[in-house]
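Structure at a glance
The primary structure of each chain is shown beneath.
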Amino acid sequence: MVYSTQPVRRFVALGDSLTEGVGDPRLDGTLRGWADVLAGELDHAWPGLRYDNLAVRGWHARHVLRHQLEQALRLEPDLASVMVGANDAFDRHGFDGAEVGRVLRRTVAALRDTGARVVMATLPDITRRWPGPARLHQETRSRFELVNDHVRTIAAEHDAIMHDLWHDERTHSSRMWSIDRVHPGTHGHTGIAHSFAELLLGSTRSPWTPAGPAVTAAQRLAEIRSLCTILRADRGRPLPAQLPRGPWNLSPTGTQQ
């Protein structure tokens, strides 16, 4: 276990749709996500946390390096998360595993050079929940495995705090996933946040189990509406087009307002 011995004053999240919060819409349609939940846990432990989420759905590792890293460095975080690579792996024709590794390494090294702690995670095996025989998804699964090999190596090289979602059997619970079978749902995002909180703090404020509560009809409707909104907004959107989530303010109880 790795627990923080120094308080976290500024947390910056870099990445793609997983960190942006896709799959975890509030009932009003705004996105929450694991990084928001983790920020609440950190703010509870060390009140006054400043939190910035720079993640943008659809982005590849190179987009994070070119368009998020500089902004993250200007914010001078003492904790940064780097979770990206799934969109690279989905690109069956343009995927270059070695280049993804080089880009991830540069991103993490730049953050670590400032003294910031870095948290990372391997990609979960989402293909296990896809319909059809496993052989149909083996190519995608292999690309995910290659990205994860780089994540594990880079995390070890730079003393990053890493959670191995690929080998976390809890990720195979049906209630972990949103209706699109690609992004975690509300319960899944909460689980990821709790895993990081346990690594950083040693505990969380509330228990979490893979089974979790049943997904309500209202939550499923919010997921469908959110997915439709995202599909409309992203139609024809060139990458990397920045879609900022806006300012973030944590209440005294650690809930984003």
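Quick look at the structure, then. (Residues numbered from 1 in each chain as written. Predicted model: local features only at pLDDT ≥ 70, side-chain atom pairs only at ≥ 80, totals over all residues. Heavy atoms only, no water.)

Some details on empty space enclosed by the protein
Overall, the coordinates contain 3 cavities of 30 Å³ or more when judged by the stated rule. The volume enclosed by the largest cavity comes to roughly 70 Å³. Along the walls of the largest cavity sit Val22, Gly23, Pro25, Ser178, Ile179, Asp180, Glu223, Ser226, Leu227 and Ile230, which together make up its complete lining. When grouped by side-chain class, the residues that make up the lining of the largest cavity number 5 nonpolar, 3 polar and 2 charged. (1 Å grid on protein atoms, 1.4 Å probe; cavity = no way out; pocket = protein on both sides within 12 Å on 5 of 7 lines; lining within 4 Å. Points joined across faces, edges and corners; volume = space filled by probe spheres on them. Nonpolar A, V, L, I, M, F, W, Y, C, P; charged D, E, K, R; others polar.)

Examining the sheet that holds strand β3 (residues 79–83)
One open sheet holds the 5 strands; their spatial order is β2-β1-β3-β4-β5, and the pairing between them is parallel. Looking along the sheet, the strands with just one partner apiece sit at the ends: β2 (50–53) and β5 (161–163). Averaged over all neighbouring strand pairs, the angle between strand axes comes to 15°, with direction disregarded. Sheet analysis places β3 next to strand β4 (residues 117–121), joined by 3 bridges and oriented parallel. Considered in β4, the bridge of Ala80 is made with Val118. Where helix α7 (residues 138–157) meets the sheet, it contacts β4 and β5, and its direction lies at approximately 160° from that of β4. (Pairing = 2+ DSSP bridges. Helix = DSSP H or I, 4+ residues; strand = E, 2+ residues; numbered from the N terminus. Axes fitted to C-alpha atoms, helices over the stretch in contact; angles between N-to-C directions. Contact = heavy atoms within 4.5 Å.)

Topic: the nonpolar core
Grouped together as the largest cluster of nonpolar side chains are 35 residues, with contacts concentrated most on Leu14, Leu104, Leu111, Val118, Met120 and Phe144. Secondary structure elements with two or more residues in this core: β1 (10–15), α3 (61–67), α4 (69–75), β3, α5 (86–90), α6 (97–113), β4 and α7. Once residues within four sequence positions are removed from consideration, Met120 is found in contact with Val82, Met83, Val108, Val151, Ile154, Ala155, Ala160, Ile161, Met162, His163 and Phe196. Counting residues in each nonpolar core, the second largest holds 25 residues, with Leu18, Ala35, Met83 and Val119 among its members. (Core = buried A, V, L, I, M, F, W, Y, C linked by side-chain atoms within 4.5 Å. Buried < 20%, exposed > 50% of the residue type's maximum accessible area, 1.4 Å probe, protein only.)

Comments concerning the layout of surface pockets
Empty space within the largest pocket amounts to approximately 570 Å³. In terms of residues, the lining of the largest pocket owes the most to one element, helix α9 (residues 217–234), which gives 4 residues. Grouping the constituent residues of the lining of the largest pocket by class yields 17 nonpolar, 5 polar and 4 charged.

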